[in-house]
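Reading the structure
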Amino acid sequence: MADVFRALDDRTRRIILDLLVERDGRSLFEICGALTTRYGLSSSRQAISQHLAVLEEAGLVRTERQGRTKLHHFDPVPLAEIARRWPERKQDP
């Protein structure tokens, strides 16, 4: 669970997750382009690749290969596990 919190602690990684929620199955090239054009983030491909590796290690992103292209998909399961750990308290009337 610590990996999930560490992964979410970075603004760029949260934006990457937002992009994948908006449209799943993006390539590194597509993610880099969207970060630059929509958010003005001009990180190198290597830096974005490292961010994706952190997200994948935390279980928030899974990947698949299509030929030479690696596609990235958002996986909400780790977030659901956190939500289950701390259920809402019932409010007293």
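For the structure, see preceding data.
The text that follows walks through the structure, step by step, so that each part is easy to find. (Residues numbered from 1 in each chain as written. Predicted model: local features only at pLDDT ≥ 70, side-chain atom pairs only at ≥ 80, totals over all residues. Heavy atoms only, no water.)

Here the focus is the overall build of the chain. The number of helices and strands found in the chain is five helices and three strands. Along the chain, helices and strands appear, N-terminal first, in the series α-α-β-α-α-β-β-α. Taken along the three principal axes of its C-alpha coordinates, the chain extends 55 × 30 × 20 Å. Every one of the 93 residues in the chain was classed for burial, and the buried ones make up 35%. A separation of at least 24 residues holds for 52% of the contacts in the chain among residues at least 6 apart in sequence. Total accessible area computed for the chain in this model is approximately 6400 Å², and 48% of it derives from carbon and sulfur atoms. When the 16 basic and 14 acidic side-chain charges of the chain are each reduced to a single mean position, those positions are 3 Å apart. (Helix = DSSP H or I, 4+ residues; strand = E, 2+ residues; numbered from the N terminus. Buried < 20%, exposed > 50% of the residue type's maximum accessible area, 1.4 Å probe, protein only. Contact = heavy atoms within 4.5 Å. Areas by Shrake-Rupley, 256 points an atom, 1.4 Å probe, with all protein chains shown as cover. Lys, Arg positive; Asp, Glu negative; His and termini not counted. Charge placed at Lys NZ, Arg CZ, Asp CG, Glu CD.)

Attention shifts here to the pairing of strand E2 (residues 61-66). Where E2 and strand E3 (residues 69-74) come together, six bridges link them in antiparallel fashion. Bridge pairing links Thr63 to His72 in E3. The turn joining E2 and E3, which pair antiparallel and follow one another in sequence, is formed by two residues; a positive phi near 65° is taken by Gly67. (Pairing = 2+ DSSP bridges.)

Compared with the 16 Å implied by 1.5 Å per residue over 12 residues, the 16 Å span of helix H3 (residues 28-39) between its first and last C-alpha is a close match. When H3 is considered as a whole, its buried residues turn out to be Leu28, Ile31, Cys32, Ala34 and Leu35. For H3, the arc enclosing every buried residue in end-on projection is 165°, short of the 170-degree limit, so these residues lie on one face. Facing away from the buried side of H3 by over 90 degrees, the exposed positions are Phe29 and Thr37. Lining the buried residues of H3 we find helix H2 (11-22), strand E1 (26-27), helix H4 (45-57) and E3. Where H3 ends, the next residue or the one after it, Gly40, has phi of about 70°, a positive value. (Expected span 1.5 Å × (residues − 1). Arc of directions from axis to C-beta.)

Here we take up the packing of H3 against H4. The interhelical angle for the contact between H3 and H4, taken along N-to-C directions, is 110°, at an axis separation of 10 Å. Taken together, the axes of H3 and H4 are roughly perpendicular relative to one another. Contacts from Leu28, Phe29, Ile31, Cys32 and Leu35 of H3 reach H4 at Arg45, Ile48, Ser49 and Leu52. Looking at the contact of H3 with H4 residue by residue, the classes come out as seven nonpolar, one polar and one charged. (Axes fitted to C-alpha atoms, helices over the stretch in contact; angles between N-to-C directions. Parallel < 35°, antiparallel > 145°, perpendicular 65-115°, else oblique. Nonpolar A, V, L, I, M, F, W, Y, C, P; charged D, E, K, R; others polar.)

This part is about the side chain of Arg26. By the element assignment, Arg26 lies in strand E1. Looking at Arg26, the relative accessible area reads 6%, which means it is buried. Of the polar contacts made by the side chain of Arg26, one reaches the backbone oxygen of Leu19; its length is 3.2 Å. Side-chain polar atoms of Arg26 contact the side chain of Glu22, separated by 3.1 Å. Residues in contact with Arg26, not counting those within four places in the same chain, are Leu19, Leu20, Ile31, Ala34, Arg38, Lys70, Leu71 and His72. (Polar contact = N/O pair within 3.5 Å; in protein donor to acceptor, adjacent residues only side chain to side chain.)

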